[in-house]
Amino acid sequence: IPLLNTSLTGLMSNLVANPAFDSATDWSIRPLDIVEDGVLKCGGEFGARNYLGYATTTGTDYKIKFEISNYVSGSIAFFTGSGGTNVSGFVSANGTYEFNYTQDATSSNLFSLYSPSGSGFEGHLDNVFLGERNSTNWEQITIQAKNNGAIVGTKTISFDADTTTPSQDAT
């Protein structure tokens, strides 16, 4: 069912000041990585690529999004910071990856894209997004299934505003 979220009063702001990699500003990257042509070209090393320009707040809900293109090998995952939770699982294909999470307590609370030892990531990263989810930019709808007036099931659907439109497919 397509839903139009007309009750949202605002859209999420991107907390990443350099999401399209116009430069390496505010990013800690690996020695073989380069910022070129508006993407972060990861050179196959394992380790973290951290955004240093914003520290998330423990207990706050966030939405993250990033794109992988020109994938060659290895895998990469979004972590909530050093020693934090792997939110995305390790991904190893071209695509746009989007996740909602609650920030846990870590030693750094940084946006961290991490490639594990033995699986250095080689590919391009771009269009990084980090937004704070709050009551003005996401909602939940609960749908009840009834049979002869009796509730036989419920489903809660969450959906967010994004940076371009207040409508989206709910899952």
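Just above sits the structure.
What comes next concerns the included structure. Every value quoted in this text rests on a predicted model; they were computed, and no experiment measured them.

Notes on the sheet that holds strand S4 (residues 39–43)
Working definition: the strands of a sheet are paired by backbone hydrogen bonds and lie parallel or antiparallel to each other. Spatially, the 5 strands line up as an open sheet ordered S3-S4-S10-S6-S8, and their pairing is antiparallel. Because the sheet does not close on itself, it has two edges, and the strands there are strand S3 (34–36) and strand S8 (95–102). On average, each strand axis in the sheet is inclined to that of its neighbour by 30°, with strand direction left out of account.

Notes on the nonpolar core
Residues Phe 66, Ile 68, Phe 111 and Leu 125 are the most contacted members of the largest nonpolar core, which totals 21 residues. Where this core is concerned, the elements lending two or more residues are S4, strand S6 (61–73), S8, strand S9 (110–115) and strand S10 (122–132). Per element, the largest residue contribution to this core is 4 residues, and it comes from S6. For Phe 66, the residues in contact, after removing those within four places along its chain, are Phe 78, Val 91, Gly 95, Thr 96, Tyr 97, Phe 99, Leu 113, Leu 125, Asp 126, Asn 127 and Val 128.

Quick notes on the side chain of Thr 106
If you trace the backbone, Thr 106 turns up in the loop between S8 and S9. Classification of Thr 106 as buried rests on a relative accessible area of 19%. A distance of 2.6 Å separates the side chain of Thr 106 from the backbone nitrogen of Asn 109, its partner in a polar contact. Here Thr 106 is in contact with Thr 80, Gly 81, Ser 82 and Gly 84, once residues within four sequence places are set aside.

What to know about the packing of aromatic side chains
Taken as a whole, this structure holds 10 aromatic pairs when the rule is applied. Note on Trp 27 and Phe 111: the rings are 6.2 Å apart at their centroids and 80° apart in plane angle, and the pair reads as edge-to-face. Taken as a pair, Trp 27 in strand S2 (residues 27–28) and Phe 111 in strand S9 lie far apart in primary sequence, 84 residues in all. Pair check on accessibility: Trp 27 and Phe 111 agree, each one buried. Between Phe 79 and Tyr 114, the aromatic rings sit 5.8 Å apart at their centres with planes inclined by 85°, giving edge-to-face as the arrangement. Here Phe 79 is found in strand S7 (residues 77–79), whereas its partner Tyr 114 is found in strand S9, with 35 residues between them in sequence. A relative accessible area of 28% means that Tyr 114 is categorised as partly exposed. In this structure an aromatic cluster arises from ring pairing among Phe 21, Trp 27, Tyr 51, Tyr 62, Phe 78, Tyr 101 and Phe 111.

Basis of the calculations
Residues numbered from 1 in each chain as written. Predicted model: local features only at pLDDT ≥ 70, side-chain atom pairs only at ≥ 80, totals over all residues. Heavy atoms only, no water. Pairing = 2+ DSSP bridges. Helix = DSSP H or I, 4+ residues; strand = E, 2+ residues; numbered from the N terminus. Axes fitted to C-alpha atoms, helices over the stretch in contact; angles between N-to-C directions. Core = buried A, V, L, I, M, F, W, Y, C linked by side-chain atoms within 4.5 Å. Buried < 20%, exposed > 50% of the residue type's maximum accessible area, 1.4 Å probe, protein only. Contact = heavy atoms within 4.5 Å. Polar contact = N/O pair within 3.5 Å; in protein donor to acceptor, adjacent residues only side chain to side chain. Phe/Tyr/Trp six-rings, centres within 6.5 Å; stacked < 30°, edge-to-face > 60°.

All we've got here are geometric facts, nothing functional implied.
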